[in-house]
Amino acid sequence: MKPLFLQYPRCGTCRKAAKWLEENNVDVTSRHIVEERPGREELSLWIDKSGLPISRFFNTSGLVYKEQHLKEKVKTASRDELLGILASNGMVVKRPIIVADDFVLVGFNEKEWKEKLG
């Protein structure tokens, strides 16, 4: 199965990641994170598979994150509540995300991507 590449096309980091994928001949299924936002179940599975804390899945530099004052909420809310917030708006989710059979990568870290996809 091809890895799933969740991205927002207007995001500079996502464009950089897409270019990297193309240059490294990594075949992915691309998905617009806002138009086809991930659901609670998907997010829960991805978070568990990533081994990262749920807080790493929030786009902390995004306007929605700041407007909704999520910085403190992320520290105190339950996992279920945080999954609801993430599933409510693709702009709240950190991007890009790569979902493969045995790993999930959040954000674009070229070294990490090369190790897992290269």
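Within each chain, residues carry numbers counting from 1 in the order of the written sequence. With pLDDT at 70 or above as the cut-off, local features in this predicted model cover only qualifying residues; side-chain atom pairs require 80 or more to be listed or tallied, and sums for whole chains, interfaces and linings still use all residues. Hydrogen atoms and water are omitted, and side-chain values are computed over all heavy atoms in the structure.

1. Notes on helix α2 (residues 40-50)
Moving on, step 1. Buried residues are those whose accessible area, probed at 1.4 Å on protein chains only, stays under 20% of the maximum for their type, while exposed residues exceed 50% and partly exposed ones sit between those limits. Secondary structure counts use DSSP, requiring at least four H or I residues in a row for a helix and at least two E residues in a row for a strand, with both numbered from the N terminus. Residues of α2 that are buried include every one of L43, S44, W46, I47 and S50, and no others. Projected onto a plane normal to the axis of α2, the buried residues spread over an arc of 165° and lie on a single side. Along α2, the residues that are exposed and aim more than 90 degrees away from the buried face are E41, L45 and D48.
Moving on, step 2. Downstream of α2 by a residue or two, G51 has a phi angle that is positive, lying close to 75°. Arc, as used here, means the arc of the directions from the helix axis to the C-beta atoms.

2. Topic: the packing of aromatic side chains
Moving on, step 1. When the centres of two rings from Phe, Tyr and Trp lie within 6.5 Å, Trp using its six-membered ring, the rings pair. Their planes under 30 degrees apart give stacked, over 60 give edge-to-face, and anything left gives tilted. Inspection of every chain in the model, using the stated rule, returns five aromatic pairs.
Moving on, step 2. Between W20 and W113, the aromatic rings sit 6.0 Å apart at their centres with planes inclined by 85°, giving edge-to-face as the arrangement. Here W113 lies in helix α6 (residues 110-117) and W20 lies in helix α1 (residues 12-23), a separation of 93 residues in the sequence.
Moving on, step 3. Note on W20: relative accessible area 5%, which makes it buried.
Moving on, step 4. With a relative accessible area of 0%, W113 lands in the buried category.
Moving on, step 5. Ring centres 4.8 Å apart and planes at 90° place the aromatic pair F108 and W113 in the edge-to-face group. Accessibility classification places F108 together with W113 in one group, the buried group.
Moving on, step 6. Through pairs of rings, three or more aromatic residues link up here, namely F5, W20, F108 and W113.

3. Observations regarding the environment of K94
Moving on, step 1. By secondary structure assignment, the location of K94 is in the loop between α5 (79-88) and β3 (97-99).
Moving on, step 2. Sequence spacing of K94 and F108 is 14 residues, and the spatial spacing of their C-alpha atoms is 9.9 Å.
Moving on, step 3. The contact definition used throughout considers only heavy atoms, calling two residues in contact when any of these lie within 4.5 Å. The residues touching K94, leaving out its near neighbours within four places in the chain, are I33, R56, F57, F58, N59, V106 and G107.

So far we have only geometry, and geometry alone does not tell us how the molecule works.
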